[in-house]
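Each chain, letter by letter, is given below.
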Amino acid sequence: MSRPTPKSFHVKSFGCQMNAYDGTRMAELLEAEGMTVADSADEAELIVLNTCHIREKAAEKVYSDIGRIVKKARGSQQPMIAVAGCVAQAEGAEIPRRAPAVDIVVGPQAYHNLARLVADAAEGRRALDTDMPAASKFDALPKRRRQGPSAFLTVQEGCDKFCTYCVVPYTRGAEISRPWAAIIDEAKALIDAGAREITLLGQNVNAWTGEDDKGRLQGLDGLIRVLDGLPGLARIRYTTSHPNDMSDSLIAAHGTVTKLMPFLHLPVQAGSDRVLKAMNRSHDVASYLRLIERVRAARPDIAISGDFIVGFPGETEAEFEETLAVVRAVNHAQAFSFKYSARAGTPAATMEGQIAADVMDDRLQRLQALLNEQQHGFNLATVGTRCEVLIERDGKRPGQRIGKSPWLQSVIVEDGPAIGELVTVDIVAAGPNSMTGAIVAGQRAA
Ligand code: SF4
């Protein structure tokens, strides 16, 4: 049955920065097709749920969101519903079977076809695309055109690591590195569109490799060095990295590239060599700690961030204590921590020794207590320093603004600097999750 082609849309992204990036690209694509951004999901004629599949709860959330949309629309024209992202890739045709209200299912490597899928759905045709085409979706996406001061730029996608608990290699496919020229062009377009800071994204961003414009093989550091020279760009970041892809030259770049921010997100996941082996992380604790030492030698004030999983199948209390020991040894500026979540189709889901939920809850609480203490300690140690803050958005009070320090801390300032301005501040106070800064008179950076 045909239906009117939607004129307005709303994209809701869940999960990681890569999904946030994909969500922005889908919005730009729909705008380029003449559709407008609705003020809210309730007013949109097309709702795109850009989903995350990393944990059970995240995947189930999609179906409850669909239920809410359908319920809200009862008695009026129901919006067209598109499910995108990693749940779309993992569950495909199962989604409209389970939720008939869904009109479109599109995977992370196929969303450049979203406009065609909207036309198919409007004509009442089946609109499902979870292909992983050889040709890159990026070539079919419109030029970047909407930016705040801080932008994401995907340079690498997919993963060949196959950690035993992770669905990403199945939902995002094999590792691919985007071509050098395409990345530089997109970076320039982002700067023209107002970005002062660019975060390079990849599931294993530090595995990026490619030939530069002179045919020389480069690693991520080579790309960072060229971005460092782009006028108008003030800051460079990258995430998410794998310990095994931290090259000597990338570590060295932290000590020599001015615009590369002193922040490194380097997941370790667990502190026991037996658990790391069962996770197929392909490195041990000692090599990880040596890596952190080398990065700190290159950039002593660097902020280290990590990812941790508690309750991996078979994890003993002693092995969990080893995770706490690694956390103490690294002393994180910030970190993400999760309970192990069995994902269908991953080797760990059928491993012996699945841990009871209450044991996982207890371990997560103890780990997060330590991580929060470390984060607060890192923030307190920044009090009394002077640094630049990139203003990103309005605060609660008139004239109040919130920005990011070089160490990716949230900093609250008054006196109304402009969004996108880099201001020099003295850090005067610190809380567990944010800092207070006083703008240094006469030192408002370019
Ligand atoms: S490195 Fe491991 S955890 Fe990270 S995306 Fe790849 S398989 Fe998943």
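Residues numbered from 1 in each chain as written. Predicted model: local features only at pLDDT ≥ 70, side-chain atom pairs only at ≥ 80, totals over all residues. Heavy atoms only, no water.

Asker: Any details on the overall build of the protein chain? Residues and values, ideally.
Answerer: Looking only at helices and strands, one finds 13 helices and 21 strands in the protein chain. In terms of C-alpha radius of gyration, the protein chain reaches 23 Å, essentially the compact-globule figure of 22 Å for 446 residues. Oriented by its inertia axes, the alpha-carbon framework of the protein chain measures out at about 65 × 60 × 50 Å. Scored against the burial criterion, the 446 residues of the protein chain give a buried share of 53%. Relative to all contacts within the protein chain whose residues are 6 or more apart in sequence, the contacts with residues 24 or more apart total 70%. About 19000 Å² of surface is accessible on the protein chain, with carbon and sulfur atoms providing 53% of the total. (Helix = DSSP H or I, 4+ residues; strand = E, 2+ residues; numbered from the N terminus. Rg over C-alpha atoms; globule rule 2.2 N^0.38 Å. Buried < 20%, exposed > 50% of the residue type's maximum accessible area, 1.4 Å probe, protein only. Contact = heavy atoms within 4.5 Å. Areas by Shrake-Rupley, 256 points an atom, 1.4 Å probe, with all protein chains shown as cover.)

Asker: Please provide a residue-by-residue account of the pattern of salt bridges, values included.
Answerer: Taken as a whole, this structure holds 39 salt bridges when the rule is applied. Of the charged contacts, one joins glutamate 28 and arginine 144 as a salt bridge, the two residues approaching to 3.0 Å between their closest N and O atoms. Residue glutamate 28 is located in helix α1 (residues 17–32), and its partner arginine 144 is located in the loop between β6 (127–129) and β7 (150–154); the two are separated by 116 residues in the primary sequence. The closest approach of N and O atoms between glutamate 197 and arginine 235, which form a salt bridge, is 3.6 Å. On the criterion of sequence distance, the pair formed by glutamate 197 in strand β10 (residues 197–201) and arginine 235 in strand β13 (residues 235–239) is long-range, its members being 38 residues apart. A relative accessible area of 2% places arginine 235 in the buried class. Three or more residues are tied together by salt bridges with common partners; here these are Glu315, Glu317, Glu321, Asp362, Arg363 and Arg366. (Salt bridge = Lys/Arg side-chain N within 4 Å of Asp/Glu carboxyl O.)

Asker: How would you explain the packing of helix α12 (residues 317–330) against helix α13 (residues 357–382) if you had to name every residue and give the values?
Answerer: A pair of packed helices is captured by two measures, namely the crossing angle of their axes and the spacing between those axes. In the contact formed by α12 and α13, the axes pass within 10 Å of each other and the chain directions differ by 10°. In this view, α12 runs roughly parallel relative to α13, as classed from their interaxial angle. Each of Glu317, Phe320, Glu321, Leu324, Val327 and Arg328 in α12 lies in contact with α13, whose residues at this interface are Arg363, Arg366, Leu367, Leu370, Leu371 and Gln374. (Axes fitted to C-alpha atoms, helices over the stretch in contact; angles between N-to-C directions. Parallel < 35°, antiparallel > 145°, perpendicular 65-115°, else oblique.)

Asker: How would you explain the pairing of strand β15 (residues 303–310) if you had to name every residue and give the values?
Answerer: Counting buried residues in β15 gives eight out of eight residues, a clear majority hidden from the surface. A two-sided burial pattern is seen for β15, the buried positions comprising Ala303, Ser305, Asp307 and Ile309 on one face and Ile304, Gly306, Phe308 and Val310 on the other. Judged from the six bridges that link them, β15 and strand β16 (residues 334–339) form a sheet pairing that is parallel. Across the sheet, phenylalanine 308 pairs through a bridge with serine 337, a residue of β16. Crossover connection from β15 via α12 to parallel β16: handedness right-handed. (Pairing = 2+ DSSP bridges. Right-handed = clockwise from strand over helix to strand, strands pointing away.)

Asker: Account for the packing of aromatic side chains, naming residues and giving values.
Answerer: For the structure on display, the rule yields five aromatic pairs. A centroid spacing of 5.7 Å and a plane angle of 70° characterise the contact between phenylalanine 162 and tyrosine 170, whose relative ring orientation is edge-to-face. Its relative accessible area of 38% is what places phenylalanine 162 among the partly exposed residues. When the ring of tryptophan 180 is compared with that of tryptophan 208, the centres are 6.2 Å apart and the planes differ by 40°; the resulting orientation is tilted. Here tryptophan 180, found in helix α7 (residues 180–192), pairs with tryptophan 208, found in the loop between β10 and β11 (209–211); they are 28 residues apart in sequence, far enough to count as distant. On the accessibility criterion, tryptophan 208 (1% relative accessible area) is buried. Following the ring pairs from residue to residue traces out a cluster consisting of Tyr165, Phe312 and Tyr340. Positioned over the ring face of tyrosine 63 is arginine 98, at 3.7 Å from the centre of the ring. (Phe/Tyr/Trp six-rings, centres within 6.5 Å; stacked < 30°, edge-to-face > 60°. Lys NZ or Arg CZ within 6 Å of the ring centre and 35° of its normal.)

Asker: Give a description of the domain arrangement of the protein chain that names residues and reports values.
Answerer: Once the domains are mapped, the protein chain shows domain 1 (8–129), domain 2 (143–261) and domain 3 (386–444). Summarising the inter-unit geometry, the C-alpha centres of domain 1 and domain 2 are found 27 Å apart. Counting residues at the interface gives 20 residues for domain 1, matched by 22 residues for domain 2. Both faces combined, the contact of domain 1 with domain 2 buries some 1700 Å², and carbon together with sulfur accounts for 54% of it. Viewed at the interface, domain 2 and domain 1 are joined by six residue pairs in polar contact (both at pLDDT 80 or more). Broken down by secondary-structure element, the contributors of at least two residues to the side of domain 1 that touches domain 2 are α1 and α3 (86–91). Sorting elements by how many residues they give to the side of domain 1 that touches domain 2 places α1 first, with 12 residues. (Domains from an automatic or database assignment. Buried area = accessible area lost by both parts, 1.4 Å probe. Polar contact = N/O pair within 3.5 Å; in protein donor to acceptor, adjacent residues only side chain to side chain.)

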